[in-house]
2 protein chains.
Amino acid sequence: MTEWAFDAAVAVEPVDGDERRWRGVADARWNVGPVPNGGYLMSLVVSAARRAAAHADPLAVTAYYAARTEPGPVEIDVEPLQPGRRHSTVLARLVQGDRTRIAVSATFFDAGAATGPTMLSEPPAEIPPPEACVPASGPLAPALLAQFDLRLTPETAAWAVGQPSGVPEIAGWARFADGRPADTHSLCVFADVFPPTTFNILPIAWVPTLELTVHVRARPRGEWLRCRFRTRFVTGGYLEEDGELWDEDGRLVAQSRQLALASGPPAPRGAPPAG
Amino acid sequence: MTEWAFDAAVAVEPVDGDERRWRGVADARWNVGPVPNGGYLMSLVVSAARRAAAHADPLAVTAYYAARTEPGPVEIDVEPLQPGRRHSTVLARLVQGDRTRIAVSATFFDAGAATGPTMLSEPPAEIPPPEACVPASGPLAPALLAQFDLRLTPETAAWAVGQPSGVPEIAGWARFADGRPADTHSLCVFADVFPPTTFNILPIAWVPTLELTVHVRARPRGEWLRCRFRTRFVTGGYLEEDGELWDEDGRLVAQSRQLALASGPPAPRGAPPAG
């Protein structure tokens, strides 16, 4: 049996008998530049956390990226809190060299058992089909992108040819390159795999994630995810990036928000003060 | 010297010498129904966490509400992670009866030192001045609201007289009742003090917060905060509530997102499946 690349990259094994400490490897093939992608690392931590949860699916996962994680071995410490009937919360941390690099909180639920009301104010993002979008790959793309089939809408991809749209939005399609179906676990990495929205409004530069929260709404069906990420407020270099992910059936499967830090030129004179 | 009500309600004192464990009281005067408001409890935890931080202002604060907190004494455990130059992250938890009720992650920064670019895609919410809004008070209001001067726009407040707008939005103004100026610490409670957006689309019922994240963007000036909270997606009872808070000068001072759970009638036949 061939293992999917994602599952191999987020594999963990227990260090001790009580399953509170796990070992894994931050795989450089999931890097952006010299460091592993934040959503990938969140997925790696969730691999361990879910073993301690009383419910199957991540519902809300938050990562605070307190220090850089290097590719290579990691330890994941897991602490389940007392579960409730519908939800169970697990606290976890990714540790390298005795230093906590990422702190994760995660609440799990049974995505198949949600029975409350459903009311959607917005349809899925209207974007052209994958065939009409621009593949995000090539020799300059981050290593991470070899793991995905990522297609950007022509409008939101033109920064790559020196024509940023001026609108802080990135939209397109994503699926795993090896055909692995998306599931609630892998939504954590899909929520962070697209290029930063800032590439359309600021010089292309490193945009480190400080905090990322993913809310899972449903189990995705099919391979392709239809995704849109938007930024409304850049203040003093800090910005939110809000994402929505729909599956092939047009169902909202996840929302994400991250707080990131853009480098770039200082605010021009006359702009609102930054802080 | 008279102490402001907020500062009294979030006061903490160290239990031991190393300042890793603190004592406080969850004050029933900040209740909604039988339990203390989630944003107030976040502020209480931040009171302890900020003592351990290397920077003055909360930048991002996330609370996972794993179990109900009762009014009365609480303990707050605090663990600072190794700080960076611009940011320091502190993990904290609110404990009652040896059980972790709330897990908090918080990154602190110096809001006065943010020097990156500022670009806003949206102006502050256009809402009528406080005098033209509807005071949210009265004998049926939650105890919490006595701590605030809260004014809702007539359009988003009409659920209170049996005329929900049908739009999942709440907007208005808020300040402390005793005149305490808003600061970055108190933005945590302002982000959770307004009635749920669902009151305009679903029967009025308990809407417990599962996860709340507040991103502070700037130090507020003045007393009044101009606030708007919106929901776009209710799926299987789960919903996001996204907030923006501006100060009297029209500066964005915070964004918030919470994941909450609406009870209410099940989705009608023919509605998109919930999960």
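Note: the structure precedes this text.
Residues numbered from 1 in each chain as written. Chains lettered and ligands numbered in written order. Predicted model: local features only at pLDDT ≥ 70, side-chain atom pairs only at ≥ 80, totals over all residues. Heavy atoms only, no water.

Let us look at the overall build of chain A. The number of helices and strands found in chain A is four helices and 17 strands. Split into buried and exposed, the 275 residues of chain A put 59% on the buried side. Sequence-distant contacts, at least 24 apart, represent 69% of the contacts inside chain A between residues at least 6 apart. For chain A, the exposed area adds up to about 10500 Å²; of that, 52% sits on carbon and sulfur atoms. (Helix = DSSP H or I, 4+ residues; strand = E, 2+ residues; numbered from the N terminus. Buried < 20%, exposed > 50% of the residue type's maximum accessible area, 1.4 Å probe, protein only. Contact = heavy atoms within 4.5 Å. Areas by Shrake-Rupley, 256 points an atom, 1.4 Å probe, with all protein chains shown as cover.)

The next subject is the pairing of strand E2 (residues 21–26) of chain A. Residues and elements named next belong to chain A. Only one face of E2 is buried, namely the one carrying Trp22, Gly24 and Ala26, since none of Arg21, Arg23 and Val25 on the opposite face is buried. Summarising the sheet, strand E1 (residues 13–14) and E2 pair through two bridges and their orientation is antiparallel. Note on E2: the bridge partner recorded for Glu13 is Arg23. (Pairing = 2+ DSSP bridges.)

Attention shifts here to the packing of aromatic side chains. All names here are of chain A. Summed over all chains, the structure comprises 22 aromatic pairs over all chains. Taken together, a centroid distance of 5.4 Å and an interplanar angle of 75° make the contact between Phe148 and Phe190 edge-to-face. With Phe148 in strand E11 (residues 148–152) and Phe190 in helix H4 (residues 187–190), the pair connects residues that are 42 residues apart, well separated along the chain. Considered together, Phe148 and Phe190 belong to a single accessibility category, that of buried residues. On the numbers, 5.3 Å between centres and 40° between planes, the contact of Phe194 with Phe229 is tilted. Placement of the pair is Phe194 in the loop between H4 and strand E13 (209–216) and Phe229 in strand E14 (residues 225–230), with a sequence separation of 35 residues. A single burial state applies to Phe194 and to Phe229, both of which are buried. (Phe/Tyr/Trp six-rings, centres within 6.5 Å; stacked < 30°, edge-to-face > 60°.)

Another aspect to go through is the interface of chain B and chain A. Counting residues at the interface gives 75 residues for chain B and 75 residues for chain A. Carbon and sulfur atoms supply 56% of the area buried between chain B and chain A, which totals about 6400 Å² over both sides. Viewed at the interface, chain A and chain B are joined by ten salt bridges. Among the salt bridges present, the one from Glu79 of chain B reaches Arg93 of chain A, with a minimum N-O distance of 2.7 Å. Applying the counting rule to chain B against chain A returns 40 residue pairs in polar contact (both at pLDDT 80 or more). Among the elements of the structure, strand E5 (57–65), strand E7 (88–96), strand E8 (99–109), strand E9 (119–120), strand E13 (209–216), strand E15 (233–235), strand E16 (238–246) and strand E17 (252–261) of chain B are those that each provide at least two residues to the side of chain B that touches chain A. Counted by class, the side of chain B that touches chain A contains 35 nonpolar, 24 polar and 16 charged residues. (Buried area = accessible area lost by both parts, 1.4 Å probe. Salt bridge = Lys/Arg side-chain N within 4 Å of Asp/Glu carboxyl O. Polar contact = N/O pair within 3.5 Å; in protein donor to acceptor, adjacent residues only side chain to side chain. Nonpolar A, V, L, I, M, F, W, Y, C, P; charged D, E, K, R; others polar.)

Time to look at empty space enclosed by the protein. This model, assessed by the stated rule, comprises two cavities of 30 Å³ or more. Taken together, Glu211, Thr213, His215 and Arg257 of chain A together with Glu211, Thr213, His215 and Arg257 of chain B make up the lining of the second largest cavity. Looking at the lining of the second largest cavity, the elements with two or more residues in it are E13 of chain A together with E13 of chain B. Per-class residue counts for the lining of the second largest cavity are no nonpolar, four polar and four charged. (1 Å grid on protein atoms, 1.4 Å probe; cavity = no way out; pocket = protein on both sides within 12 Å on 5 of 7 lines; lining within 4 Å. Points joined across faces, edges and corners; volume = space filled by probe spheres on them.)

Moving on, we come to the nonpolar core. Judged by nonpolar contacts, the single largest core of 72 residues is most densely connected at Trp30, Met42, Leu44, Ile76, Phe194 and Leu245 of chain A. The dominant element in this core, judged by the number of residues it contributes, is helix H2 (residues 38–52) of chain A, at eight residues. Residues in contact with Trp30 of chain A, not counting those within four places in the same chain, are Ala5, Phe6, Ala9, Pro36, Asn37, Tyr40, Leu144, Gln147, Phe148, Phe176 and Val189 of chain A. Formed by 69 residues, the second largest nonpolar core is a distinct cluster that contains Val10, Val45, Ala63 and Ala254 of chain B. (Core = buried A, V, L, I, M, F, W, Y, C linked by side-chain atoms within 4.5 Å.)

A word on the relation of the copies chain B and chain A. It takes a turn of 180° to lay chain B on chain A, together with a shift of 0.0 Å along the axis; the resulting RMSD is 0.0 Å. Taken together, these values place the two copies in the relation of a two-fold axis. Counting the interface residues of chain B, we find that 100% of their copies in chain A are interface residues as well, pointing to one common contact surface. (Least-squares fit on C-alpha atoms with pLDDT ≥ 70 in both.)

Honestly, it's all geometry; don't read function into it.
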